[in-house]
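Below are the chains, spelled out letter by letter.
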Amino acid sequence: MIEKRTPIKVTEAVNRVMAYAREHTYEIVSIEESDGRVLAEDIFANQPIPPFDKSPYDGFAFKAADTNQASQDYAVSFEVVEHIPAGTMSSRTLQHGEAARIMTGAPLPRGADCVAMFEVCQSYEDNEKELMSIKRTIQAGDNVNHKGSETLEGTHLIEKGTYIHPGVKAVLATFGYATVHVSKKPVIGLFTTGTELLDVKDDLVPGKIRNSNGHMIASQIKRAGGEVKMLGTLADDFETSYNAIQETLHEVDMVITTGGVSVGDYDLMPDIYDKLEAEQLFNKVAMRPGSVTTVAVKGDQLLFGLSGNPSACYVGFELFVRPVIQKAMFSKQPYPPKSKAYLTTDFPKPNPFTRFVRSRVFFKDGQLWIEPAGPDKSAVVTSLIETNAFMMLPGGTRGFKKGDRVEVIFLETVYGQKEPWTT
Ligand SMILES: Nc1nc2c(c(=O)[nH]1)N[C@H]1C(S)=C(S)[C@@H](COP(=O)(O)OP(=O)(O)OC[C@H]3O[C@@H](n4cnc5c(N)ncnc54)[C@H](O)[C@@H]3O)O[C@H]1N2
Ligand code: MOO
Ligand SMILES: [Mg+2]
């Protein structure tokens, strides 16, 4: 008699796993190497932006009050007493009737309170003196980027847990962060299991297949932000598999195995978990594919027993492993974002369990549409080519029609959402 497994809801399974998700430690990397990493520190403005009153235009700086009498019929003249390129502080204080020729980004000279663009000024020379005239009034503060007008010193600007993208890097550079505290990538030990598995370099032989899960999951780990420790393929032999898994526990933050979690004669993972004295959080989830996904915990270390079937394996990773990796990296939004889209085609299959259909989501005419990416079978690998989302169909439903609104879980995005979604 095989053991009877009791399926639990996906949401409950995710919650059980996330109860063991922990923030990891940090490491320091150069700003150049920080792309795609996650900030492990809050960033406060250690200076105002801009750090000084500066000109946003190429033009002239002067005292605005000097233009009070100016009009289309009456030009006010200034003597141009200095030139201020960007990067240079003026050494003098402007007096009434004096102007400084100033470039975009240059600091305003003392005594000046406005800037007029070249386009509204007339430059000329008289008696070897450099002069400028203007036929309009300018108000104090016009065309000045005031110190601190963008950001005051001390402002909390970037939250720990923020994904580092080009815009974040621009701000880090502004504040002089040559090195950045980023979350250390969690190291995930990855075993593939199955006597039938060949290496990617091997020629096919009868009865065997190439190991695709290893490369797929390694890539999913990297996409989720983790670091992979490839531990190779284990034949379906209890002792060698048990020893290999046991030995690796102290070298990695968590372990993923693929295959061997169902009820077959060579599905060894449940017994390996028992011998490891790891507690199984669940061994059956009310979902398709990936219903046999098993997660165990030894001490506080998570062991993910993903299904051997490629699509089930893929789905199991995104639902259960990805949020743990995200949490380890301080993400405040560890769950894949969810929205709704219009179904492009009939999907007549009934859904006894929550179904995660590997799908392609896209925009058309301002609406989000979703279509199944290929045959919806757990053993299928080719439907993963076009997959950038899951269509999540609730358990207990009887099939869907073209044009129905269905739920979408996005996979190809670095932005998650704060709340776990419910099925
Ligand atoms: N009597 C029952 N049989 C099965 C059940 C069940 O409930 N009762 N569940 C089915 C479901 S659902 C799934 S999913 C699979 C899960 O199988 P396992 O997780 O035990 O995985 P394996 O038996 O090791 O392999 C299944 C399948 O996947 C292929 N595979 C395995 N590893 C890889 C790899 N690295 N790369 C590519 N393909 C791989 C393997 O050759 C098998 O074809 O069990 C059902 N059976
Ligand atoms: O767990 Mo299986 O993937 O439901 O097909
Ligand atoms: Mg099996």
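Residues numbered from 1 in each chain as written. Chains lettered and ligands numbered in written order. Predicted model: local features only at pLDDT ≥ 70, side-chain atom pairs only at ≥ 80, totals over all residues. Heavy atoms only, no water.

## A word on the packing of aromatic side chains
Tallied over the entire structure, the rule returns eight aromatic pairs. Residues F282 and F320 carry aromatic rings whose centres are separated by 5.5 Å and whose planes lie at 50° to one another, so their mutual orientation is tilted. A residue pair is termed long-range when its members are at least 10 positions apart, and F282 in strand β16 (residues 279-282) and F320 in helix α6 (residues 310-328) qualify at 38 residues. F320 shares its class with F282; the two are buried. Members of the aromatic cluster, each reached through a chain of ring pairs, are Y314, F356, F390 and W421. In this arrangement the basic side chain of K160 is found over the ring face of F330, its NZ or CZ atom lying 4.7 Å from the centre. Above the plane of the ring of Y242 lies K275, whose end atom (NZ or CZ) is 4.5 Å from the centre. (Phe/Tyr/Trp six-rings, centres within 6.5 Å; stacked < 30°, edge-to-face > 60°. Helix = DSSP H or I, 4+ residues; strand = E, 2+ residues; numbered from the N terminus. Buried < 20%, exposed > 50% of the residue type's maximum accessible area, 1.4 Å probe, protein only. Lys NZ or Arg CZ within 6 Å of the ring centre and 35° of its normal.)

## Things to note about the confidence of the model for the protein
Within the protein, residue pLDDT values average 96, and 100% of them lie at 70 or more. Quick note on the complex model: pTM equals 0.91, ipTM equals 0.98. (pLDDT = per-residue confidence, 0-100.)

## Remarks on the coordination of the magnesium ion (ligand 3)
Coordination of the magnesium ion (ligand 3) by the protein is provided by D267 (OD) and D267 (OD), with metal-donor distances spanning 2.3 to 2.4 Å. The residue D267 is located in the loop between β15 (254-258) and α5 (269-275) in this model. (Donors = N, O, S within 2.8 Å, 3.2 Å for Na, K, Ca; no water.)

## Some remarks on the sheet that holds strand β3 (residues 59-62)
Read across the sheet, six strands follow the order β6-β3-β5-β4-β8-β7 without closing on themselves; strand pairing throughout is mixed. Two strands in the sheet have a free side with no partner beyond their single neighbour: β6 (114-117) and β7 (121-126). In this sheet, neighbouring strand axes are inclined to one another by 40° on average, regardless of whether the strands run parallel or antiparallel. The pairing of β3 with strand β5 (residues 98-102) spans three bridges and is classified as antiparallel. Paired with F60 across the bridge in β5 is R101. (Pairing = 2+ DSSP bridges. Axes fitted to C-alpha atoms, helices over the stretch in contact; angles between N-to-C directions.)

## Some words on the site of ligand 1
By nearness alone, 23 residues border ligand 1, and E196, N211, G260, S262 and G308 come closest of all. Between ligand 1 and the protein, one listed contact pairs an oxygen atom with a backbone N or O atom of V261 at 3.1 Å. The protein chains hide 68% of the 870 Å² of surface that ligand 1 would expose on its own. Elements represented by at least two residues in the shell around ligand 1 include exactly β11 (187-193) and β13 (209-210). For the shell around ligand 1, the class distribution of residues is five nonpolar, 14 polar and four charged. (Near = heavy atom within 4 Å. Polar contact = N/O pair within 3.5 Å; in protein donor to acceptor, adjacent residues only side chain to side chain. Areas by Shrake-Rupley, 256 points an atom, 1.4 Å probe, with all protein chains shown as cover. Nonpolar A, V, L, I, M, F, W, Y, C, P; charged D, E, K, R; others polar.)

## Section: the pattern of salt bridges
Throughout the structure, instances matching the rule amount to 16 salt bridges. Note that K201 is salt-bridged to D199, the shortest N-O span being 3.5 Å. Judged by relative accessible area, D199 falls into the partly exposed class, the value being 35%. With its nearest N and O atoms 2.7 Å apart, the salt bridge here joins R223 to E412. Of this pair, R223 sits in helix α3 (residues 213-224) while E412 sits in the segment after β24 (405-410), and the two are 189 residues apart along the sequence. Residue classification places R223 among the partly exposed residues on the basis of a relative accessible area of 33%. E412 sits in the exposed class, given a relative accessible area of 53%. Each of the salt bridges in this network shares a partner with another, and the network as a whole consists of K349, R355, R358 and D376. (Salt bridge = Lys/Arg side-chain N within 4 Å of Asp/Glu carboxyl O.)

## Brief notes about the site of ligand 2
Around ligand 2 sit R288, P289, G290, S291, V292, A312 and S378, and that is every residue in its neighbourhood. In the model, an oxygen atom of ligand 2 is placed 3.3 Å from a nitrogen or oxygen of the V292 main chain. Here the shell around ligand 2 is composed, by residue class, of three nonpolar, three polar and one charged.

## What to know about the sheet that holds β15
With respect to topology, six strands assemble into an open sheet ordered β14-β11-β15-β19-β18-β16, the strand pairing being mixed. Looking at the sheet topology across the chains shown, the edges are occupied by β14 (227-234) and β16. Adjacent strand axes in the sheet meet at a mean angle of 20°, parallel and antiparallel pairs treated alike. Along the sheet face, α6 touches β11, β15, β16 and β19 (301-306) and points at about 165° away from the line of β19. (Contact = heavy atoms within 4.5 Å.)

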